[in-house]
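# Residue-level structure breakdown
Read off the chains here:
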Amino acid sequence: MQTQLPLFYIPAFQNESRLDMGEENSRHIIQVLRMKKGELLQLTDGKGHFILAEIEEEHKKHCRVIIKKVESAAPFSTRITIAISLIKNASRFEWFLEKATEIGVSVIQPLICARTEREKFRHDRLQGICIAAMIQSQQAWLPELREPMEMSVYLQQSFNNHDLYIAHCAEGEKLGLAAQKKTGNDRLLLIGPEGDFTNQEIGLAMEKGFSPVSLGDTRLRTETAGVVGLMLLKI
């Protein structure tokens, strides 16, 4: 990929030879960046494609480009899911989404736990934050941001071919996440709300095969724990 070129997100790509960039992208390309006909830019659909394009029509509402080249970016060797409680401070959850996307999370599953204090969820806004972080970090894979789910319902699923972990602050035997032996499986980490998981939730997760883990010697905020856990799973 030619990283020196500006990168833009398009929600779908089906091997078209030309694309209309839509009003928002067009405004940014023509009015903000002041790009002209014949200049090159990069596109991604968030599904592993980097697309080299040339401006054919420089209109501030419907800039049109010619597709010059399509390259595929390799997916992450291991898919990591962070299932994390929503938190009261919306800006802190948005910070988590941004950083997790930059680091390379594959799936974000917001959870509603017994002690979750905030349940409002604006998917369109939060998806936009993930898209912006993907563009900023020059990636071609957009993480899957799922709708919130009750933790008890989420744990009813099958988690075949996953290494399963739950980070909590309750007493009990826990190994450091960094010390866990990594297999070739995908990885899933549960992160609780500001008041932590209840003992019942921890027990339910362990019955499903989740191993209790520690993220370090200090007590972390929910969003910090999500980022630290992701980093440890990426190592």
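The shown structure was predicted, so the numbers you read here are calculated from the model rather than taken from an experiment. Along each chain, residues carry numbers from 1 onward, in the same order as the chain's sequence is written. Local features are withheld for residues below a pLDDT of 70 in this predicted model, meaning they are given only at 70 or higher, and side-chain atom pairs are given and counted only at 80 or more; totals for whole chains, interfaces and linings count all residues. The side-chain quantities take in all heavy atoms of the structure and omit both hydrogens and water.

## Points about the overall build of the protein
Just so we agree on the cut-off: A run of H or I in DSSP counts as a helix once it spans at least four residues, and a run of E counts as a strand once it spans at least two, with each numbered from the N terminus. Type-normalised accessible area, obtained with a 1.4 Å probe on protein chains alone, sets the label of each residue: buried when under 20%, exposed when over 50%, and partly exposed for intermediate values. Any pair of residues with heavy atoms lying within 4.5 Å of one another is described as a contacting pair. Shrake-Rupley sampling with a 1.4 Å probe provides the accessible areas, and residues are treated as covered by the protein chains on show and by no other component. Think of it this way: Lys and Arg go in the positive column, Asp and Glu in the negative one, and His and the chain ends go nowhere. For this purpose, a charge sits on NZ of Lys, CZ of Arg, CG of Asp or CD of Glu.
Tallying secondary structure elements over the protein gives six helices and 13 strands in all. Referenced to the eigenvectors of the C-alpha coordinate spread, the extents of the protein come out at roughly 65 × 35 × 30 Å. Within the span of the protein, comprising 235 residues, buried residues form 46% of the whole. If you take every contact in the protein between residues at least 6 apart in sequence, the share linking residues at least 24 apart comes to 74%. In the form shown here, the protein has an accessible surface area of approximately 12200 Å², with 47% of it arising from carbon and sulfur atoms. The protein carries 29 positive and 30 negative side-chain charges, and their two centres are separated by 3 Å.

## So, helix α2 (residues 90-103)
Let me state the cut-off plainly: By this rule the span expected of a helix is its residue count minus one, scaled by 1.5 Å.
Relative to the 20 Å expected for 14 residues at 1.5 Å per residue, α2 spans 20 Å between its end C-alpha atoms, a close match to the ideal helical length. Regarding α2, the residues found buried are Arg92, Phe93, Glu94, Phe96, Leu97, Ala100 and Thr101. Check the buried side of α2 and you find it contacts β6 (80-85), β7 (107-112), α3 (123-136), β8 (144-145) and α6 (222-234). Looking one or two residues beyond α2, the residue adopting positive phi is Gly104, at roughly 115 degrees.

## A closer look at the nonpolar core
Under the convention used in this document: By nonpolar core we mean a set of buried residues, namely Ala, Val, Leu, Ile, Met, Phe, Trp, Tyr and Cys, connected to one another through side-chain atoms within 4.5 Å.
With 37 residues, the main nonpolar core has Ile82, Phe93, Phe96, Leu97, Leu177, Leu189 and Ile191 as its most contacted residues. Contributions of two or more residues to this core are made by β1 (7-9), β6, α2, β7, α3, β10 (162-167), β12 (186-191) and α6. Residue contributions to this core peak at six residues, all from α3. For Ile191, the residues in contact, after removing those within four places along its chain, are Ile82, Ala83, Ile84, Ser85, Ala167, Phe197, Leu215, Thr222, Ala225 and Gly226.

## Details of the confidence of the model for the protein
This is how it is decided: The pLDDT value tells you how sure the predictor is about a given residue, anywhere from 0 up to 100.
On average, residues of the protein score 92 in pLDDT, and 99% of them are at 70 or above. For the protein, per-element mean pLDDT is lowest for strand β11 (residues 175-176), which scores 86, and highest for β8, which scores 98.

## With respect to the layout of surface pockets
What counts, and what does not: Any residue with an atom within 4 Å of a point lines the site, the site being either a cavity, points on a 1 Å grid over the protein atoms alone where a 1.4 Å probe fits but cannot get out, or a pocket, an open set with protein on both sides within 12 Å along at least 5 of 7 lines. Grid points are joined across faces, edges and corners, and a volume is the space filled by probe spheres set on the points. Classes in brief: Ala, Val, Leu, Ile, Met, Phe, Trp, Tyr, Cys and Pro nonpolar; Asp, Glu, Lys and Arg charged; the others, Gly included, polar.
Of the pockets and cavities examined, the largest pocket occupies roughly 360 Å³. Along the walls of the largest pocket sit 20 residues, with His168, Cys169, Thr218, Arg219 and Leu220 positioned nearest its centre. Of all elements in the fold, only β13 (211-214) and α6 reach the threshold of two or more residues within the lining of the largest pocket. Residues that form the lining of the largest pocket fall into these classes: eight nonpolar, six polar and six charged. The space that makes up the second largest pocket amounts to roughly 270 Å³. What lines the second largest pocket is simply Leu7, Phe8, Tyr9, Glu24, Asn25, His28, Gly128, Ile131 and Ile135. Mapped by element, the contributors of at least two residues to the lining of the second largest pocket are β1, α1 (22-32) and α3. Classifying every residue of the lining of the second largest pocket by side-chain character gives five nonpolar, three polar and one charged.

## Observations concerning the pairing of β7
We count it as follows: Strand pairing is defined by DSSP finding a minimum of two bridges between the two strands. When the strands point away from the viewer and the connection leading from the first strand across the helix to the second strand turns clockwise, the crossover is called right-handed.
β7 sits mainly inside the fold: six of its six residues count as buried. Of the two faces of β7, the one lined by Val107, Gln109 and Leu111 and the one lined by Ile108, Pro110 and Ile112 are each fully buried. Across five bridges, the pairing between β6 and β7 is parallel. By the bridge assignment, Ile84 is partnered in β7 with Pro110. One crossover worth recording links β6 to the parallel β7 by way of α2, and it is right-handed.

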